[in-house]
Amino acid sequence: MAWLTGHLTVLVFWAFAGVAIVSAAMCVTRRNPVASALWLVVTLFQLAGLFVVLDAQFLAVLQVLVYAGAIMVLFLFVIMLLNLGQGGPHDFKGVIGLGVGAVLAVLLLLQLSVLRHLEPPAAIALPPGTMAAQQAHDGLVGTVARPLFDAYLVPFEITSLLLLAAIVGAVVLAMRKL
Amino acid sequence: MTFFLVSSIIKIVVVFTAIMVGVALLTLAERRICAWMQDRLGPNRVGPQGLLQPAADGLKNFLKEETYPAQADFWTFVLAPALSFTPALLTFAVIPFAAPLPTQWGLVPMVVADLPVGFLYILAISSLGVYGIVLAGWSSNNKYALLGGLRASAQMISYEIAMGMSTVAVLLLAGNVTLSQVIAQQQQGGWFVISLTLAFLVFFISALAETNRLPFDLPEAEGELIAGYHTEYSAMKFSMFYIAEYSNMVTASALMATLFFGGWDIPFTHWDDTGDPSVLKTLLTLVVFCIKTGAFLFTYIWIRWTLPRFRYDQLMALGWKVLLPSTLVYLTIMATVIWYLHGHLGWAYDRPMALTLGAANLVLLVAAVWGLDRGRIVSGSVARRAA
């Protein structure tokens, strides 16, 4: 029991991470676009779980609310309306495709193994306990909201303009067909 | 740790059972109230006053044959009913339903998980409810079912925005997203329904749309779509969609009671939220919470058997052209008023502030009713009398 409580966080982490990897693999290997989208939803959920393990409940909730709840529903919507059927003829399976995939995979593993042995630069590293103190002071939501509406207000507003431009662009593109 | 685990497991089991039994009784209540409104008797044969009717229905659904459409996507078809009913039950986890219960091992908060992001958790989970319906519609491989599913997703996404906006007002006033804090705030000053009346109205309308109840049950409009997204479902899977609908209603009612009607707060007294916790307090506050939730459930049923169904374009126009802009305007006004009272005059949320906000809401409410009326009912009769 003592061992279990001591390693509970690690066990929970591996449970979420394992399902995340499996579902991500399922997402890219499924032929049916709807099944693929659903596996992606599962992956997003596992990532939300990992955020909770990292004590970032606010991010976890936003992950579910924005990605799983809104964006993926729209994805499904589009897939169903387009009626993509049972997989296209252009499958990415040639020797060149496999080779490129293998090279990229090796590259990613190399990067990860280098990252594992590196210390984060002192400029972005926080002394231990800073986040906990910040969360105790501002609350879970405030820790994210205060910098967003304080130090980074202008970039934040510019991002919203960017999204607005994207919406207007989408409407204009749709209008051409109407 | 062990105490936390044991008490959590007990709470989960009790809440799950209570909701399931509640849902079963609610299906009976719906039919009895409907019968009463239509001057009939309703189901009263099985057990005293028909109380065992839900058990008979459940048994019937278990024993019926399950049919699978030949061209259906099998796994999605099977998964959809479960997906539609899980979110409805998950949401209830963060709603506090009574005052804390003292035990000999320590104080047990009467909520399954009092998350620090409780309120956002509800929004997140309830936004997942749409998956079950959309997938049911799509996987059935039936045009009517697909139309129902698409209608449902469009409707739920549209009204989620209005719903989220209306609750921003609550968060502005509470300054916190933990539901137990929201309740504590209301116990201090007064229920948010007084200080945020319009937000409650918008929330109520959106909650009707979110749970696909009349007058917004377009996804299963039987005159147009046979039965909408669950056309191809039979036996227990069909029943699961019903359980999902009713547990959604229970959660939405409990949420309205929590956000706007003080949760488990007993009105006109501070006896329940001050002093030492006791078993009596827990029981009484639980009863009060159930009464509030029950009142909203009755309103749901009452509305269903009173109002006709909206047309689809009317539904979209109401969501996007009326509710969303008016909520944005309302939010701006309320934010300004709260900023002036709280930031400028330094008022905390107490009785005078609640009443001041209530007065502001009354003015806005009259203006909103006058505007929505468009010279048909209220102003129409006034104008006629003047002429």
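Everything here concerns the structure above.
Residues numbered from 1 in each chain as written. Chains lettered and ligands numbered in written order. Predicted model: local features only at pLDDT ≥ 70, side-chain atom pairs only at ≥ 80, totals over all residues. Heavy atoms only, no water.

Draft legend 1. Seen up close, the interface of chain A and chain B. Taken together, the contact between chain A and chain B spans 23 residues of the former and 22 residues of the latter. When chain A packs against chain B, close to 2,000 Å² is buried across both sides, 87% of that on carbon and sulfur atoms. The largest share of the area that chain A buries against chain B comes from V61(A), F77(A) and M80(A), three residues that together contribute 27% of it. Linking chain A with chain B are 1 residue pair in polar contact (both at pLDDT 80 or more), by the criterion used here. Of all the secondary structure elements, the ones that give two or more residues to the side of chain A that touches chain B are α3 (33–53), α4 (57–82) and α6 (130–149) of chain A. For the side of chain A that touches chain B, the element with the most residues is α4(A), which contributes 14 residues. (Contact = heavy atoms within 4.5 Å. Buried area = accessible area lost by both parts, 1.4 Å probe. Polar contact = N/O pair within 3.5 Å; in protein donor to acceptor, adjacent residues only side chain to side chain. Helix = DSSP H or I, 4+ residues; strand = E, 2+ residues; numbered from the N terminus.)

Draft legend 2. Quick look at helix α12 (residues 279–304) of chain B. Between its first and last C-alpha atoms α12(B) spans 37 Å; for 26 residues at 1.5 Å apiece the expected length is 38 Å, and the two agree. Of all the positions in α12(B), only K281(B), T282(B), T285(B), V288(B), F289(B), K292(B), T293(B), F296(B), L297(B), Y300(B), I301(B) and I303(B) are classed as buried. (Expected span 1.5 Å × (residues − 1). Buried < 20%, exposed > 50% of the residue type's maximum accessible area, 1.4 Å probe, protein only.)

Draft legend 3. Local environment of the layout of surface pockets. Counted as a void, the largest pocket has a volume near 1,800 Å³. Those elements giving two or more residues to the lining of the largest pocket turn out to be α4, α6 and α7 (153–177) of chain A together with α4 (118–126), α6 (143–174) and α13 (312–344) of chain B. Take the lining of the largest pocket: its biggest share by element is 10 residues, from α6(A). Taken together, the residues of the lining of the largest pocket break down into 30 nonpolar, 11 polar and 3 charged. For the lining of the largest pocket, the domains that each give at least three residues are domain 1 (1–87) and domain 2 (128–178) of chain A. The computed volume of the second largest pocket comes to approximately 1,300 Å³. F16(A), V52(A), A113(B), L115(B) and Y121(B) are the residues nearest the centre of the second largest pocket, which is lined by 33 residues in total. (1 Å grid on protein atoms, 1.4 Å probe; cavity = no way out; pocket = protein on both sides within 12 Å on 5 of 7 lines; lining within 4 Å. Points joined across faces, edges and corners; volume = space filled by probe spheres on them. Nonpolar A, V, L, I, M, F, W, Y, C, P; charged D, E, K, R; others polar. Domains from an automatic or database assignment.)

Draft legend 4. How the structure looks around the pattern of salt bridges. Residue and element names in this part refer to chain B. Enumeration according to the criterion identifies 4 salt bridges over all chains in this entry. We note a salt bridge from K237 to E66, for which the minimum N-O separation is 2.3 Å. On the criterion of sequence distance, the pair formed by K237 in helix α11 (residues 235–260) and E66 in the loop between α2 (53–63) and α3 (74–91) is long-range, its members being 171 residues apart. One salt bridge connects R311 with D313, and the closest N-O pair in it is separated by 2.9 Å. (Salt bridge = Lys/Arg side-chain N within 4 Å of Asp/Glu carboxyl O.)

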